[in-house]
There are 2 protein chains.
Amino acid sequence: MTRVVRLKRRPEGIPDPNDFELSHEQSGVPGPGQLALEVLWLSLDPYLRGVISGRHLNHGIALGSVLPGSVVGRVLASRTSAFRAGEYVLAEAGWREHAVVDADRAQPIEFGEVPARYALSVLGMPGLTAWAGITQIAKVGTGDVVLVSAASGAVGSVAGQLAKRLGARVVGIAGGAEKCRFLSEVLAFDAVVDYHMPSFEQVLAEALPNGLSVYFDNVGGRVLQAALNNLQLNARIVLCGLIDQYNQSARPPGPNLAPVIAARASMHGLVVYDWSAKRPAFLSELLPLVRAGQVTIREDIAYDLSAAPEHFCRLMQGQNFGKSLVQLRA
Amino acid sequence: MTRVVRLKRRPEGIPDPNDFELSHEQSGVPGPGQLALEVLWLSLDPYLRGVISGRHLNHGIALGSVLPGSVVGRVLASRTSAFRAGEYVLAEAGWREHAVVDADRAQPIEFGEVPARYALSVLGMPGLTAWAGITQIAKVGTGDVVLVSAASGAVGSVAGQLAKRLGARVVGIAGGAEKCRFLSEVLAFDAVVDYHMPSFEQVLAEALPNGLSVYFDNVGGRVLQAALNNLQLNARIVLCGLIDQYNQSARPPGPNLAPVIAARASMHGLVVYDWSAKRPAFLSELLPLVRAGQVTIREDIAYDLSAAPEHFCRLMQGQNFGKSLVQLRA
């Protein structure tokens, strides 16, 4: 027997831990071409909010289903020559302690001394998202002024660090003094603005005296509108996430687009799935930086699968501080 | 003495003819390097609404000023060797019957047998706007499905015709049966949707069974939102105008941007001033097409300067049908 977490009811608004249910099921047995995994790390990601409601790129899950999610697992048994027992793999196993997965949908993790769990953050989907937005879409370079929202999160913090390495001035937006201090003191962002402040719009404008040339948006809502009010000519805006509306059942209106026309700006929707073919290039660039400590990731770790629902609900309220993970096994 | 139209009061909401005032002033005398013009045609353009309120790209005019606007004039007297009396020129003379302009800011009109007034529409700023959006930004080609709003207007009608010539399927949005009939019967658009219809969103979706790959937006508001709900993957959206909010004093919210992310779409602000260096390329492409009748322009002409205020107010309510012009002299 093994433990799993299922969707008990569809959340309305901000999810509640009682929307989820811990239960037991029989561990599976791998067939030919499959792997049995012991799950070590479970990734909690904002896009899951849309999946729960059936709104994430039109995907959804049925009530009673095991929650989906990326994991880092250790191979317990392999029915393929491509993997051996004891190896670490990245897989879409969901919220469960043990999993049987198709080997051709699992990815080996070969980071050397770098922790395997980074395959869920800086060396995984969030990192690839940041890399694609900063280097491939916005093509950030020296002289750019890059604004990043949700800047202490898994995607935002990597986006900001990459932009700094490319010679940009980087301004981060985060909620609360602790996250802001982390951005300026640990990640050395050039300026940080707390969106909880009543004077947010004004402080943001002061942090961008010459406007922004790139905005990496993870949140939408009033933060996006504030950013659009500070565009340089020909600014590039990467639309990556809309955390602001993830907990809303109806789609709220968006920003007034007059500033986009006035600035001859461009906005680009970013979906990380499109960039999977570039994963080798991304990894060959990021792995040495992470190994050398030149790109870092803050993690917000909960322990034991039973903690996953509450940890996810904290993420949905912006109460996480860094990449949200659940450690299932030491 | 000559007649001019001045801004009497700033309109709130939809402009009223009483916001303008016809008055007389002394005709000017050209100094060295200047031209005296007899104004033949005055162009009325939607961007003027923002100028009146001081909101157009942060430009505005003072109360009591003569309204600005492009004109086609005939040179009465020239104090430069670059122009001779009797020649036709394009100039920013404003709402007046006679004007003195700097010759280096006037452009000669050399269209041969094509009417000089086309320098205000298909062969002028509206045409260049359409050309830049369709050929330079969206880079329309065979296989594209191009949606155009305000499609019977000066910009939209040229955008749609150019897109058709490039091999695209073209769907137009206009208000009212007469404009829609013009688009399908005269301009041979592939489908036309009347935004006045209560079922607009549904009819639009039916006209775009496979979605749109390019949207040329002149209006913003609910029409833009409806377009965003029909995006193909990697759709390109040209943000050219926001007629929907020109008469509003506060900036309304805009569209929800979730579909832009889901479609990995891009949105591009277009300001025609950026494309003036490409005017020769545009003209060399468009002039032969206009001469051959392969690109056409519908015109909505009022007669006499005194009719300009009412004609502009009609434009601001979408009651114009084609390029809005005032003929000052036969």
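The coordinates are above.
Treat the numbers as computed from the prediction; the structure is a model and nothing was measured.

### Concerning the overall build of chain A
Along its length, chain A carries 10 helices and 15 strands. Its C-alpha atoms give chain A a radius of gyration of 20 Å, near enough to 20 Å, the size a compact globule of 330 residues would have. Looking at chain A residue by residue over its 330 residues, the buried ones come to 59%. Sequence-distant contacts in chain A: of pairs separated by 6 or more residues, those separated by 24 or more amount to 67%. Accessible area for chain A stands at about 13,200 Å²; split by element, carbon and sulfur atoms hold 49% of it. Across chain A, the 30 positively charged side chains and the 29 negatively charged ones have centroids separated by 3 Å.

### Description of the environment of B:Asp102
Residue and element names in this part refer to chain B. By the element assignment, Asp-102 lies in strand E6 (residues 98–102). Setting aside residues no more than four positions away along its own chain, Asp-102 makes contact with Gly-33 and Gln-34. A distance of 2.9 Å separates the side chain of Asp-102 from the side chain of Gln-34, its partner in a polar contact.

### Focus on the interface of chain B and chain A
In this assembly, 28 residues from chain B lie in contact with 28 residues from chain A. Around 2,300 Å² of area is buried between chain B and chain A when both sides are counted, 63% of it from carbon and sulfur atoms. If you look at where chain B meets chain A, you find 2 salt bridges. B:Arg264 serves as the salt-bridge partner of A:Asp274, at 2.8 Å between the closest nitrogen and oxygen. Connecting chain B to chain A are 12 residue pairs in polar contact (both at pLDDT 80 or more). Mapped by element, the contributors of at least two residues to the side of chain B that touches chain A are helix H8 (258–262) and strand E13 (266–269) of chain B. Broken down by element, the side of chain B that touches chain A gets its largest block of residues, 5 residues, from H8(B). Of the residues assigned to the side of chain B that touches chain A, the class counts are 18 nonpolar, 7 polar and 3 charged.

### Thoughts on the pairing of strand E5 (residues 88–91) of chain A
Residues and elements named next belong to chain A. Sheet analysis places strand E4 (residues 71–78) next to E5, joined by 4 bridges and oriented antiparallel. Each residue of the ladder has a partner; that of Gly-73, found in E5, is Val-89. Where E5 lies against strand E7 (residues 107–108), 2 bridges are found, and the strand directions are antiparallel. Across the sheet, the residue bridging to Leu-90 is Gln-107, located in E7.

### Some details on the relation of the copies chain B and chain A
Superposition of the two copies of the chain requires a rotation about an axis and a shift along the axis. Superposition of chain B onto chain A requires a rotation of 180° combined with a translation of 0.0 Å along the rotation axis, giving an RMSD of 0.0 Å. Put plainly, the chains are arranged around a two-fold axis. Taken together, the interface assignments show that 100% of the residues at the interface of chain B recur at the interface of chain A, consistent with an identical surface on both copies.

### Topic: the pattern of salt bridges
Proximity of charged atoms lets side chains of opposite charge pair with each other. Residues and elements named next belong to chain B. Summed over the entire model, instances satisfying the criterion amount to 31 salt bridges over all chains. A salt bridge links Asp-19 to Arg-9; the shortest N-O distance between them is 2.5 Å. Of this pair, Asp-19 sits in the loop between strand E1 (2–7) and strand E2 (20–25) while Arg-9 is found in the loop between E1 and E2, placing the two residues 10 residues apart along the sequence. By relative accessible area, which is 3% here, Asp-19 ends up buried. A salt bridge links Arg-314 to Asp-300; its shortest N-O distance comes to 3.7 Å. Placement of the pair is Arg-314 in helix H10 (residues 308–316) and Asp-300 in strand E14 (residues 299–303), with a sequence separation of 14 residues.

### A few points about the packing of helix H5 (residues 200–207) of chain A against helix H6 (residues 221–228) of chain A
Residue and element names in this part refer to chain A. H6 packs onto H5 with a crossing angle of 40° between their chain directions and a minimal axis gap of 10 Å. The angle between H5 and H6 falls in the class oblique. Classified by chirality, the crossing of H6 by H5 is right-handed. When H5 is examined against H6, the residues Phe-200, Glu-201 and Leu-204 are found in contact with a partner set consisting of Arg-222, Val-223, Ala-226 and Ala-227. Tallied by class, residues from the contact of H5 with H6 come to 5 nonpolar, no polar and 2 charged.

### Here we look at the sheet that holds strand E13 (residues 266–269) of chain A
One open sheet holds the 12 strands; their spatial order is E10(A)-E9(A)-E8(A)-E11(A)-E12(A)-E13(A)-E13(B)-E12(B)-E11(B)-E8(B)-E9(B)-E10(B), and the pairing between them is mixed. Two strands lie at the open edges of the sheet, namely strand E10 (191–194) of chain A together with strand E10 (191–194) of chain B, each paired on one side alone. For this sheet the average axis-to-axis angle between neighbouring strands, irrespective of direction, equals 15°. Note that strand E8 (residues 145–148) of chain A and strand E9 (residues 169–174) of chain A share 4 bridges and pair parallel. Bridge pairing links A:Leu147 to A:Val171 in E9(A). In the packing of helix H2 (residues 125–137) of chain A onto the sheet, contacts are made with E8, strand E11 (212–217), strand E12 (231–239) and E13 of chain A, and the angle to E11(A) comes to roughly 155°.

### With respect to helix H5 (residues 200–207) of chain B
All names here are of chain B. Buried within H5 we find Phe-200, Leu-204 and Ala-207. Each buried residue of H5 lies within a common arc of 60° when the element is viewed along its axis, so the set occupies one face. Exposed side of H5, more than 90 degrees from the buried face: Gln-202 and Glu-206 are the residues found there. Against the buried residues of H5 lie strand E8 (145–148), strand E9 (169–174), E10 and helix H6 (221–228).

### Considering the side chain of A:Asn320
All names here are of chain A. Relative to the assigned elements, Asn-320 resides in the loop between helix H10 (308–316) and strand E15 (323–327). The class for Asn-320 is buried, based on a relative accessible area of 11%. At 3.0 Å, the side chain of Asn-320 forms a polar contact with the backbone oxygen of Gly-322. Contact partners of Asn-320, with chain neighbours within four places excluded, come to Lys-179, Asp-300, Arg-314 and Leu-315.

Basis of the calculations
Residues numbered from 1 in each chain as written. Chains lettered and ligands numbered in written order. Predicted model: local features only at pLDDT ≥ 70, side-chain atom pairs only at ≥ 80, totals over all residues. Heavy atoms only, no water. Helix = DSSP H or I, 4+ residues; strand = E, 2+ residues; numbered from the N terminus. Rg over C-alpha atoms; globule rule 2.2 N^0.38 Å. Buried < 20%, exposed > 50% of the residue type's maximum accessible area, 1.4 Å probe, protein only. Contact = heavy atoms within 4.5 Å. Areas by Shrake-Rupley, 256 points an atom, 1.4 Å probe, with all protein chains shown as cover. Lys, Arg positive; Asp, Glu negative; His and termini not counted. Charge placed at Lys NZ, Arg CZ, Asp CG, Glu CD. Polar contact = N/O pair within 3.5 Å; in protein donor to acceptor, adjacent residues only side chain to side chain. Buried area = accessible area lost by both parts, 1.4 Å probe. Salt bridge = Lys/Arg side-chain N within 4 Å of Asp/Glu carboxyl O. Nonpolar A, V, L, I, M, F, W, Y, C, P; charged D, E, K, R; others polar. Pairing = 2+ DSSP bridges. Least-squares fit on C-alpha atoms with pLDDT ≥ 70 in both. Axes fitted to C-alpha atoms, helices over the stretch in contact; angles between N-to-C directions. Parallel < 35°, antiparallel > 145°, perpendicular 65-115°, else oblique. Left-handed = near helix turned anticlockwise from the far one by under 90°. Arc of directions from axis to C-beta.

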